[in-house]
Amino acid sequence: MEDEIQMLRSRMEQLFMQEKSFTSDNVIAISSLLDLKINEYMRGRHRKSN
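So, a few notes on the structure that sits alongside this text. (Residues numbered from 1 in each chain as written. Predicted model: local features only at pLDDT ≥ 70, side-chain atom pairs only at ≥ 80, totals over all residues. Heavy atoms only, no water.)

### Here we look at the pattern of salt bridges
A full pass over the atoms with the stated rule returns two salt bridges. Note that Glu4 is salt-bridged to Lys37, the shortest N-O span being 3.3 Å. Of this pair, Glu4 sits in helix H1 (residues 2-19) while Lys37 sits in helix H2 (residues 25-49), and the two are 33 residues apart along the sequence. Classification of Lys37 as buried rests on a relative accessible area of 18%. Within the structure, one salt-bridge network assembled from shared partners comprises Glu4, Lys37 and Glu40. (Salt bridge = Lys/Arg side-chain N within 4 Å of Asp/Glu carboxyl O. Helix = DSSP H or I, 4+ residues; strand = E, 2+ residues; numbered from the N terminus. Buried < 20%, exposed > 50% of the residue type's maximum accessible area, 1.4 Å probe, protein only.)

Set out below in structure tokens:
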């Protein structure tokens, strides 16, 4: 999952560089996916530590 998060983060950075905007539809879409993936990752880590 960490690889997926890193890939999404890199893709978001690339899109930002291309579009020069944090508010473009493409950047927002990938940012939302990244948020979901990070939340999923953190929930999994929290369960493992309990």
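### Let's talk about the side chain of Ser24
By the secondary structure assignment, Ser24 is in the loop between H1 and H2. According to the relative accessible area criterion, Ser24 is buried, its value standing at 12%. Within the structure, the side chain of Ser24 is placed 2.6 Å from the side chain of Glu19, a separation counted as a polar contact. (Polar contact = N/O pair within 3.5 Å; in protein donor to acceptor, adjacent residues only side chain to side chain.)

### Some thoughts on the nonpolar core
Ranked by size, the top nonpolar core spans eight residues in total: Ile5, Leu8, Met12, Leu15, Val27, Ile30, Leu34 and Tyr41. The residues touching Ile30, leaving out its near neighbours within four places in the chain, are Leu8, Arg11, Met12 and Leu15. (Core = buried A, V, L, I, M, F, W, Y, C linked by side-chain atoms within 4.5 Å. Contact = heavy atoms within 4.5 Å.)

### Topic: H1
Taking 1.5 Å per residue as the helical rise, H1 with its 18 residues ought to reach 26 Å, and the 26 Å between its terminal C-alpha atoms agrees with that figure. Of the residues flanking the end of H1, it is Lys20, one or two places downstream, whose phi is positive at about 55°. (Expected span 1.5 Å × (residues − 1).)

### Description of unusual backbone geometry
What you tend to see is this: most non-glycine residues have negative phi, and most peptide bonds are trans. Even without glycine at this site, Lys20 takes up a positive phi of about 55°. Position of Lys20 among the secondary structure elements: in the loop between H1 and H2.

Any functional reading would require information beyond the geometric quantities listed.
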